[in-house]
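One-letter residues, chain by chain:
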Amino acid sequence: MTMIDSGTQATPAEIKQSVAELEDEAITIIREVAAECRNPVLLFSGGKDSAVLLHLAAKAFRPGSLPFPVMHVDTGHNFEEVITYRDMLVEQYGVKLIVASVQESIDSGRAVEETGPRPSRNRLQSVTLLDAIAEHKFDAAFGGGRRDEDKARAKERILSFRDHFGQWEPRAQRPEPWNMLNAKIRPGEHLRAFPLSNWTELDIWRYIGIENVALPSIYFSHRRTVVERNGMLLSVGGPVVLEAGETPFEETVRYRTVGDASCTGAVRSTASNVDEVLVEVAAARITERGATRADDNFSDSAMEDRKREGYF
Amino acid sequence: MVLRIATAGSVDDGKSTLIGRLLHDTKTVFEDQLSAVEKASTRYGDGSLNLALLTDGLRAEREQGITIDVAYRYFATPKRTFVVADTPGHAQYTRNMVTGASASDVAIVLVDARNGLTEQTRRHLFVASLLGVKLVILAVNKMDLVDFDEATYHRIVAEATAHADALPAPVVLNPLPISALLGDNVVDASTNMPWFKGLPLLDLLETIEVPGDHNVGARLAVQWVIRPYSTEHHDYRGFAGRLTGGSLAIGDLIRVLPGGQQSTVIGIDRGGVPQDTAQPGEAISVQLADDIDIGRGDVLVAAVASEAPIVTDRIIADISWMVDKPLETGSRWIIKHQTRTAKAFVSAIELRHDVATATHSPAESLGLNDLGRVHLNVSVPLVIDNYDRHRPGGAAVLIDEATGMTCAALMIRDSE
Ligand SMILES: Nc1nc2c(ncn2[C@@H]2O[C@H](COP(=O)(O)OP(=O)(O)O)[C@@H](O)[C@H]2O)c(=O)[nH]1
Ligand SMILES: [Mg+2]
């Protein structure tokens, strides 16, 4: 394919090479964690980062099959297209899927739905995730987190140690000289592993283009009925209920991230394929989380606070 | 190629401000990040834009105005892509400096022009030497506070050069005068220092040549054995790992260490795609002609390697000690070297490096942030290289069995 890419003036060969190096690093991390940990799991949200992560994990063990299951922490606030896509991938890769449901955590009283007019389940995911990790006795969970996403993530190690409460303690992180991974844990503790730590949003899209990684359709432009809230375009229907004075309208949009549908915003876009998205990403002046996640904009340390509580 | 950069220097020398300035002036900062920093500058400071807050992302860092942990940032110019590790300057976070420097091509060591070299500067130059950081840039910062004085700059450069020359492995310094706060010689050449004829920092970073790695011959530490057990790939056995040291091709003769068996490469896959050759850095899996018992931790080595590794259970290594609990003669640890995990016994502490004077003295134990040299007995033979010749074969970490904490970085120099 032709790479239209205004992020740098790198040639297609150079782009291929730099993405291939990131792939080598990620595959090395995935193999290392699989070898050192007894019972790892790959967290799969249906978003582009977890799509790339699953693609890499499958490549790491080819022609063998994936030696660990995949888990979806299901907020119940889904985009229909993402669930369809998830089930298609599970079929295609022949992986074992575990669904950990936030709704079940709420029904059983483990988690309490946020009150107020616009409950998001982003925060509640931590409860469901930690319960599922304990239930299945997972000792490591692969996530698609990238250091360029957020200033707290920029501080996190490739292997992120979590205590009995799933908490991240930024002051007590294990040094990783030469990216050597120490996966030693005690019973009850677990690790989060981030093979995409050193990827940027641009790298992810370049990789998706080069490797033809399938994505949910909502990443590309489509017509959608939306409502504008705090400068963000939210899809009407499902968890987003119209409030007094709000007028829904049709818009040509796409999503830059996929999360809880109640707080994940769409961006106006006509980019209908990877090349066009790449042009947009290279020209973007706002981070993907800033543009599309209402919850991260609440406070300066929203991500750090959630991570300390056990978030991805 | 990506250039990996780590900052170093004392606390408040301006490391975070410099990185913020680089990100800002290369237009890498997104609008929402900038407005968040503006807001935070008002909350935590006097309201003028504090670029350090671009990398000081933790709440405690913003409240205290310091860097606690390494932050990784990414930026690209039309000429190169960069990964920057902004490291903390406090002595208590030296382990993070070691971590940041270990994976870097370039270290930017900052000095406050008003203070000259401090113990931390000397320590960081020492760390750069011990870790074999290939390029060191000495950035004399805050030139605006010394009236952009040329003599001050030259005095500091001379002092630093004298120290760098005296290090165990001498370090070549690339010096330049900057003001991270005002941007002089960061992205744009300074108009305040016409006496300086060198390149501004960004131009230097864009054009600097990183010396290549030594070719010691192919090495592959086995991470995982791929055995599909499917009817289609019934006999497939792929030894998966990251190739280092040199290239590998189908038909190459290899030796399996520490066992010593020989075989021939009959297949190479990268991400499941067959290829005829592989280059250092590639994550591959290798199939061999013979049915040999090979597992995780074993190392495949080119049989005609230009430099053969050493198989030994007694190693001598420089060490950076990273935890409160001291390292003592006779203590036991877990060692992780390549993909092998084993037990290690400290048979001797040879010396402690004195980072300020670049000399050393005898030591009974090593404490937090000490740098020294130790002798270890390992419970199984390791396949080692001298760290300076082949980094992956010469790097290791020690882990505390009781806490699981990573306690030390080791640079292996020799066998006993
Ligand atoms: N006048 C002046 N102040 C600077 C310069 N660079 C940094 N500073 C200030 O020095 C202080 C410490 O900077 P910071 O980047 O946090 O230092 P770090 O501890 O090395 O990361 C801050 O108040 C900066 O604004 C400079 O070039 N000139
Ligand atoms: Mg700092």
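Nothing here was measured: the structure is a model prediction, and the numbers come from that model. Residue numbers restart at each chain and count upward from 1, following the sequence in its written direction. The order in which chains are written sets their letters, starting at A; the order in which ligands are written sets their numbers, starting at 1. With the structure being a predicted model, the display of local features is reserved for residues of pLDDT at least 70 and the display and counting of side-chain atom pairs for 80 or more, all residues being used for whole-chain, interface and lining totals. Computation of side-chain values covers all heavy atoms of the structure but excludes hydrogens and water.

Turning to the overall build of chain B, a few remarks are in order. Across its full length, chain B holds eight helices and 25 strands. For a compact globule of 416 residues, the expected C-alpha radius of gyration is about 22 Å, and chain B comes in at 24 Å, within 12% of that figure. Counting only C-alpha atoms, chain B reaches 70 × 50 × 40 Å along its principal axes. The burial tally for chain B puts 59% of its 416 residues in the buried class. Only heavy atoms enter the contact rule, under which two residues are in contact if any of them lie within 4.5 Å. Intrachain contacts of chain B at a sequence separation of at least 6 include 69% that bridge at least 24 residues. Note on areas: these come from Shrake-Rupley sampling with a 1.4 Å probe, and a residue is covered only by the protein chains present in the view. Total accessible area on chain B stands at roughly 15900 Å², and carbon and sulfur atoms take up 50% of it. The helix count covers DSSP runs of H or I at least four residues long, the strand count covers runs of E at least two residues long, and both are numbered beginning at the N terminus. Between the two quantities, the radius of gyration covers C-alpha atoms and the globule rule is 2.2 Å times the number of residues to the power 0.38. Here's how the labels work: a residue is buried when its accessible area is under 20% of the maximum for its type, exposed when over 50%, partly exposed in between, all with a 1.4 Å probe on protein chains only.

Residues and elements named next belong to chain B. Strand order in the open sheet made by the six strands is β2-β3-β1-β4-β5-β6, with mixed pairing throughout. Edge positions in the open sheet fall to β2 (71-76) and β6 (173-177), since each of these has one partner strand only. Ignoring strand direction, the axes of neighbouring strands in this sheet form an average angle of 25 degrees. When DSSP finds two or more bridges between a pair of strands, those strands are recorded as paired. Where strand β5 (residues 135-141) and β6 come together, five bridges link them in parallel fashion. Across the sheet, Leu138 pairs through a bridge with Pro175, a residue of β6. Note on geometry: axes are C-alpha line fits, over the in-contact stretch for helices, and angles between N-to-C directions span 0 to 180 degrees. Where helix α6 (residues 150-165) meets the sheet, its contacts fall on β4 (106-112), β5 and β6, and the angle it forms with β6 comes to roughly 165 degrees.

Attention now moves to the site of ligand 1. Residue and element names in this part refer to chain B. Put simply, a residue is near a molecule or strand once any heavy atom of it comes within 4 Å of that molecule or strand. Close to ligand 1 lie 17 residues, the nearest being Asp12, Lys15, Thr17, Asp144 and Ala180. Any N or O atom pair separated by 3.5 Å or less is treated as a polar contact, with the protein-specific requirement of one donor-capable and one acceptor-capable atom, and with residues adjacent in sequence counted only for side-chain atom pairs. Lys15 is positioned such that a nitrogen or oxygen atom in its backbone is 2.8 Å from an oxygen atom of ligand 1. For ligand 1, an oxygen atom lies 3.1 Å from a polar atom in the side chain of Lys142. With the chains in place, 82% of the 580 Å² that ligand 1 exposes on its own is no longer accessible. In terms of residue count, the dominant contributor to the shell around ligand 1 is helix α1 (residues 15-25) (three residues). Residue classes follow a fixed rule: Ala, Val, Leu, Ile, Met, Phe, Trp, Tyr, Cys and Pro count as nonpolar, while Asp, Glu, Lys and Arg count as charged, and any other residue, Gly among them, counts as polar. Here the shell around ligand 1 is composed, by residue class, of five nonpolar, seven polar and five charged.

One key point about sheets: their strands pair by backbone hydrogen bonds, in either a parallel or an antiparallel sense. All names here are of chain A. With mixed pairing, six strands are arranged side by side in an open sheet as β3-β2-β1-β4-β6-β5. Lying at the two open borders of the sheet, with one neighbouring strand each, are β3 (97-101) and β5 (159-162). Ignoring which end each strand starts from, the neighbouring axes of this sheet average 30 degrees apart. Sheet analysis places strand β2 (residues 70-74) next to β3, joined by five bridges and oriented parallel. Counted as the bridge partner of Asp74 is Ser101 from β3. Packed on one face of the sheet, helix α1 (residues 12-36) meets β1 (40-43), β4 (140-142), β5 and β6 (190-193) and runs near 160 degrees to β4.

Below, the discussion takes up the domain arrangement of chain A. In terms of domains, chain A is made up of domain 1 (12-204 + 300-308) and domain 2 (216-297). Taking only C-alpha atoms into account, the centre of domain 1 of chain A sits 23 Å from that of domain 2 of chain A. Domain delimitation in this document rests on an assignment produced automatically or drawn from a domain database.

With that out of the way, let us pick up the packing of aromatic side chains. Ring geometry is summarised as follows: Phe, Tyr and Trp rings, the Trp one being its six-membered ring, pair when their centres sit within 6.5 Å, and such pairs are stacked at plane angles under 30 degrees, edge-to-face over 60 and tilted between the two. Scanning the entire structure with this criterion turns up 13 aromatic pairs over all chains. An angle of 35 degrees between the planes, with centres 5.0 Å apart, marks the rings of Phe68 of chain A and Phe142 of chain A as tilted. With Phe68 of chain A in the loop between α2 (48-60) and β2 and Phe142 of chain A in strand β4, this residue pair connects regions lying 74 residues apart in the sequence. Of the residues examined, Phe142 of chain A reaches a relative accessible area of 1% and is grouped as buried. With a centroid separation of 5.9 Å and 75 degrees between ring planes, the pair formed by Trp205 of chain A and Tyr219 of chain A is classed as edge-to-face. In this pair, Trp205 of chain A is assigned in helix α6 (residues 201-211) and Tyr219 of chain A in the loop between α6 and β7 (222-229), connecting sequence segments 14 residues apart. Through successive ring pairs, a cluster of aromatic residues spans Phe61, Phe68 and Phe142 of chain A together with Trp224 of chain B. By definition, being over a ring means that NZ of Lys or CZ of Arg is both within 6 Å of the ring centre and within 35 degrees of the ring normal. Over the aromatic face of Tyr72 of chain B sits the side chain of Arg147 of chain A, whose NZ or CZ is 3.9 Å from the ring centroid.

We now examine the interface of chain B and chain A. The interface of chain B with chain A comprises 76 residues on the first partner and 53 residues on the second. Within this document, salt bridges are pairs made up of a side-chain nitrogen of Lys or Arg and a carboxyl oxygen of Asp or Glu, the two lying within 4 Å of each other. Our count for the chain B to chain A interface comes out at six salt bridges. On the surface where chain B and chain A come into contact, there are 18 residue pairs in polar contact (both at pLDDT 80 or more). Of the residues that constitute the side of chain B that touches chain A, the class distribution is 34 nonpolar, 23 polar and 19 charged.

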